[in-house]
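This is what each chain is made of:
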Amino acid sequence: MDVLCGKFLYYAFNKQLSGQSHSISYTLDECNADVMIFGNSRAQLHYSPSVFKKTLGLTCYNAGIDGGHSILFSEAIFSEMIKRHHPKIVIFEVDPKRYYYSEEEYDKLAILLPFITKHPDLNKTLYLKGPFEKIKKASFVYRFNYAGFLNIILEGIIHRKKGSEEMQDGFSPRNNVFKGFYNDSENKQMKKDYSANAKQPEIDSNEVAALLRVIETSNQKGIKLYFINSPVFSSTYVETDTKVQSLIRNLILDKGQEYWDYSSDKEWRNNNFFSDRKHLNKEGALKFSNLIANRIKTF
Amino acid sequence: MLFNSFAFLLFFIVVTTTYFLLPHKFRTAFLLACSCFFYMYFVPVYILILGFTIVLDYFAGIYLEKITGHSKRIILLLSLIANIGVLAVFKYYNFINENISDALGLFGIENHIPYLSILLPIGLSFHTFQAMSYTIEVYRGNQKAEKNFLVYALYVMFYPQLVAGPIERPQNLLHQFHKKHYFEYSRLVEGLKLMLWGIFKKVVIADRLSIYVNTVYDNPAEQSGITLAVATVFFSFQIYCDFSGYSDIAIGAAKVMGFNLMDNFKRPYFSKSISEFWNRWHISLSTWFKDYVYISLGGNRVSIPRWYINLLIVFLLSGLWHGANWTYIIWGALNGAYLIFAIVTENVRTKALRLSGFSGFNRLITTINIFTTFCLVSIAWVFFRAKNASDAFLIIKKMVLMNGPFFSGSKYHMLCSVLGIIFLLFVEIRSEFFGIKEQAIKSRNWVVEQFYYASLIIIILLMGVFDGSQFIYFQF
């Protein structure tokens with residue numbers, strides 16, 4: 001039963017034409033874009049490939065994946081893709097908060113499970129999830145646990161369809177406008193609460209190592225890297241994380257790479273550009289993509 | 001070690017196999033060593049606390065049996081004070097200190113008593129209550145003192161029920177450690193089926209529901225009334241599947257090795273009244289409070305006002321047992337108030353029903369009673385789940401107003417959650433109204449039966465949430 005169900009899900013999984021899993025498969029197996037964007041939801045929502053295409057005259061694909069995935073995931077996909085295709089430019093959205101150790105980050109590595117059949121080297125990252133992962137992955141259906149079997153059947157069998165042109169490039173902007181407002185005193189209170197409650201978590205050495213591997217591989221392959229921390233609406237989000245913020249920034253700069261930080265840029269404190277406190281909406285994303293594309297062009 | 005972890009699966013296989021392979025004389029020591037390992041897998045140092053209460057209660061039991069009169073009472077009191085003292089230090093010290101600070105703050109006085117920076121040992125309330133039941137029963141003469149230290153230590157530390165019950169009684173469990181247990185295929189199958197059903201309830205239903213519940217309850221101010229109402233209903237099922245799932249795994253694991261643990265849940269959401277609910281929910285704790293607190297206070301053989309006070313005391317203590325937070329105390333008080341209200345209005349309600357002409361519609365009345373009880377219990381769960389009392393009151397206020405748009409979250413999670421609840425209700429309705437065992441499928445066809453269990457395993461692998469989430473009751 002396990003093999004039968006697993007084989008069926010694998011078939012449906014590979015039939016998908018849109019969605020997150022399709023985006024990962026496309027990045028691993030087909031994408032030949034000159035400019036590639038990696039990261040979590042902030043990457044997926046903030047960078048419009050069409051803007052980069054227009055400004056730089058290069059093909060572009062946004063390989064960002066929603067779900068708060070860490071650099072461990074992005075590095076695994078990046079390293080696997082690099083074996084087949086070398087983009088000219090790679091943008092990595094940096095979320096310093098993600099560099100704190102969290103078990104949750106490791107649980108999320110289950111997203112790699114459906115791809116290990118075709119890409120066994122992903123196992124190296126997957127095994128960071130836990131000592132029993134080698135045994136657990138023997139189950140064929142377990143490999144599709146994270147992807148959600150209903151999603152797979154729906155998108156791979158029942159309702160196969162390509163996304164819009166924007167979505168085909170991996171960009172999935174949000175159209176809503178954030179209704180919150182920037183309140184300095186509220187932010188100060190949140191910051192105070194955060195400092196009072198927060199235990200100082202450890203910086204995750206696996207994630208730092210993954211970041212260093214991305215830099216090393218890119219240097220070897222002649223890929224121009226840009227690490228970007230895109231805008232956030234609430235200053236609290238970044239100001240409370242100065243320790244990890246400066247560590248990651250210094251690490252990237254020490255390796256001679258570009259680190260562009262817009263996270264505390266006051267020009268972006270406009271709710272019309274945001275869909276929530278941490279994510280730009282479509283208007284904000286297009287403006288930000290233009291800003292980055294032009295900066296890369298003139299760099 | 002969590003029951004829903006792969007580590008436990010390996011542990012269980014190794015322990016059970018070795019247990020049956022070992023000669024009987026070594027089995028107690030072996031099970032005790034395994035139980036120590038199981039407990040130390042969380043935070044090793046806390047075994048010392050457990051060791052302290054075990055040694056204390058072991059000797060208390062022996063003395064209680066030997067002596068009589070006033071000294072006997074003193075020994076019992078000392079033993080209870082020591083056990084409750086451990087609970088007070090690790091569970092309630094900071095809570096009490098915080099409230100002293102708040103009270104002194106009203107008069108502008110600063111509290112200089114330091115706070116303790118300690119983690120609550122896992123399952124402390126469970127094994128403390130189990131240990132106390134032993135000394136009380138020995139004191140009452142219902143149980144002989146256990147002379148074998150290893151057997152007594154195993155009674156407190158038996159790994160299936162060590163961290164989240166069922167809270168056993170010495171009369172039920174102690175003698176089982178002296179018996180020779182032989183491998184029985186039927187017990188193995190029955191135990192494994194129960195464990196499978198427990199894991200299903202935990203990882204497929206409870207942990208899936210928790211995704212939506214956590215999202216909504218973490219930020220109640222930004223949620224609408226309908227969203228909060230759905231999250232509250234989901235939480236009712238989450239806590240039931242989480243806790244009864246744990247109990248099923250515990251009872252199943254013990255059964256495989258030849259031990260019978262008491263039932264902890266009997267489909268509580270089909271209760272027709274609050275008192276019935278408490279006879280079906282966390283039975284081992286409810287009966288503990290009934291046997292050792294309620295009856296000791298005089299039960300219902302006192303004046304009516306005193307009877308109500310007794311009920312309220314029991315529920316307040318039950319709330320406090322769950323956690324050092326005002327939300328748990330309010331939760332307990334609310335349940336006590338429900339029960340007292342039901343008793344006070346019983347005659348009026350019966351008369352009103354007779355006069356209304358609906359008394360003949362038994363099924364309709366049963367359905368209304370089940371629904372009303374579920375709603376009342378769910379409202380009380382708001383206090384159990386909310387971060388603080390003000391959040392809980394806000395949630396209830398918003399649920400009453402029922403305004404704003406519905407937030408469904410991830411469609412996949414929502415669909416899996418609803419399907420999980422429907423499946424649970426299907427299984428429990430069969431069990432409640434047709435007498436079919438919850439975890440079993442009755443079929444003459446062997447293939448159909450095996451297909452059912454294989455499907456459960458596939459669903460667990462496919463739809464289970466494997467993020468290493470803890471059981472809610474571990475914190476108590």
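That block above? That's the structure.
Note that this is a predicted model, so its numbers are computed, not measured.

Draft legend 1. The arrangement of the overall build of chain A in detail. From N to C terminus, chain A includes 15 helices and five strands. Within chain A, the fraction of its 299 residues that count as buried is 53%. For chain A, the accessible area works out to roughly 13,500 Å², and carbon and sulfur atoms hold 51% of it.

Draft legend 2. Summary view of helix α4 (residues 69-106) of chain B. Residues and elements named next belong to chain B. With 38 residues, α4 extends only 47 Å from end C-alpha to end C-alpha; this falls clearly short of the ideal 56 Å at 1.5 Å per step. Of all the bends in α4, the greatest measures close to 65° and is centred on tyrosine 92. Turning to α4, the residues buried within the fold contact α3 (47-66), α5 (124-140), α12 (304-322) and α13 (326-344).

Draft legend 3. Quick peek at the interface of chain B and chain A. Across the boundary between the two partners, chain B contributes 17 residues, which contact 18 residues of chain A. Here chain B packs against chain A, burying approximately 1,500 Å² in sum over the two surfaces, 77% of which is carbon and sulfur. The three residues of chain B that bury the most area against chain A are Phe6, Tyr412 and Leu462 of chain B, which together make up 42% of that side's buried surface. Where chain B packs against chain A, one counts zero salt bridges. The interface formed by chain B and chain A includes three residue pairs in polar contact (both at pLDDT 80 or more). Those elements that provide at least two residues to the side of chain B that touches chain A are α1 (6-21), α17 (411-434) and α18 (446-463) of chain B. Among the elements that take part in the side of chain B that touches chain A, α18 of chain B stands out by supplying eight residues, more than any other. Taken together, the residues of the side of chain B that touches chain A sort by class into 14 nonpolar, two polar and one charged.

Draft legend 4. Region of interest: α3 of chain B. All names here are of chain B. The end-to-end C-alpha distance of α3 is 29 Å, a good match for the 28 Å that 20 residues give at a rise of 1.5 Å each. Within the sequence span of α3, burial applies to Ile47, Ile49, Leu50, Thr53, Ile54, Asp57, Tyr58, Ala60, Gly61, Ile62 and Leu64. Tucked into the core, α3 has its buried residues touching α2 (24-40), α4, α5 and α6 (149-157).

Draft legend 5. Looking closely at the pattern of salt bridges. Summed over the entire model, instances satisfying the criterion amount to 23 salt bridges over all chains. Across the salt bridge formed by lysine 136 of chain A and glutamate 133 of chain A, the nearest N and O atoms sit 3.7 Å from each other. Of the two residues, lysine 136 of chain A and glutamate 133 of chain A are both situated in helix α8 (residues 133-136); the distance of three residues between them amounts to about one turn of the helix. Here lysine 136 of chain A falls in the partly exposed class, since its relative accessible area comes to 22%. Notably, a salt bridge pairs glutamate 432 of chain B with arginine 267 of chain B, separated by 2.8 Å at the nearest N-O pair. Of the two residues, glutamate 432 of chain B sits in helix α17 while arginine 267 of chain B sits in the loop between α9 (225-256) and α10 (274-280), which places them 165 residues apart along the sequence. The structure contains a network of salt bridges with shared partners spanning Arg267, Lys272, Glu276, Arg280 and Glu432 of chain B.

Draft legend 6. Inspection of the environment of glutamine 143 of chain B at higher detail. Residue and element names in this part refer to chain B. Turning to its location among the elements, glutamine 143 is positioned in the loop between α5 and α6. Put simply, glutamine 143 and threonine 327 are 184 residues apart on the chain and 37 Å apart in space, counted from C-alpha to C-alpha. Ignoring any residue separated from it by four or fewer positions in sequence, one finds glutamine 143 in contact with Glu137, Val138, Pro170, Gln171 and Leu174. In this structure the side chain of glutamine 143 is engaged in a polar contact, spanning 3.4 Å, whose partner is the backbone nitrogen of glutamine 171.

Draft legend 7. Representation of the packing of α5 of chain B against α6 of chain B within the structure. All names here are of chain B. Contact pair α5 / α6: the axes reach a minimum separation of 9 Å and the direction vectors enclose 135°. In terms of their interaxial angle, α5 and α6 are classed as oblique. Along the contact surface, α5 presents His127, Gln130, Ala131, Ser133 and Tyr134, while α6 presents Tyr152, Tyr155 and Val156. Per-class residue counts for the contact of α5 with α6 are five nonpolar, three polar and no charged.

Draft legend 8. Region of the structure containing the nonpolar core. Of all hydrophobic cores here, the largest spans 189 residues; its most connected members are Phe227 of chain A together with Phe8, Phe38, Tyr159, Tyr269 and Trp381 of chain B. When residues in this core are grouped by element, the largest group, 17 residues, is from α9 of chain B.

Draft legend 9. Spatial organisation of the side chain of serine 275 of chain A. With respect to the element layout, serine 275 of chain A can be found in the loop between β5 (258-261) and α15 (282-298). Leave out the neighbours within four places in its chain, and serine 275 of chain A touches Arg174, Asn176, Phe178, Leu280 and Asn281 of chain A.

Each value, and the rule that gives it
Residues numbered from 1 in each chain as written. Chains lettered and ligands numbered in written order. Predicted model: local features only at pLDDT ≥ 70, side-chain atom pairs only at ≥ 80, totals over all residues. Heavy atoms only, no water. Helix = DSSP H or I, 4+ residues; strand = E, 2+ residues; numbered from the N terminus. Buried < 20%, exposed > 50% of the residue type's maximum accessible area, 1.4 Å probe, protein only. Areas by Shrake-Rupley, 256 points an atom, 1.4 Å probe, with all protein chains shown as cover. Expected span 1.5 Å × (residues − 1). Bend = angle between axes of the 7 residues up to and from the residue. Contact = heavy atoms within 4.5 Å. Buried area = accessible area lost by both parts, 1.4 Å probe. Salt bridge = Lys/Arg side-chain N within 4 Å of Asp/Glu carboxyl O. Polar contact = N/O pair within 3.5 Å; in protein donor to acceptor, adjacent residues only side chain to side chain. Nonpolar A, V, L, I, M, F, W, Y, C, P; charged D, E, K, R; others polar. Axes fitted to C-alpha atoms, helices over the stretch in contact; angles between N-to-C directions. Parallel < 35°, antiparallel > 145°, perpendicular 65-115°, else oblique. Core = buried A, V, L, I, M, F, W, Y, C linked by side-chain atoms within 4.5 Å.

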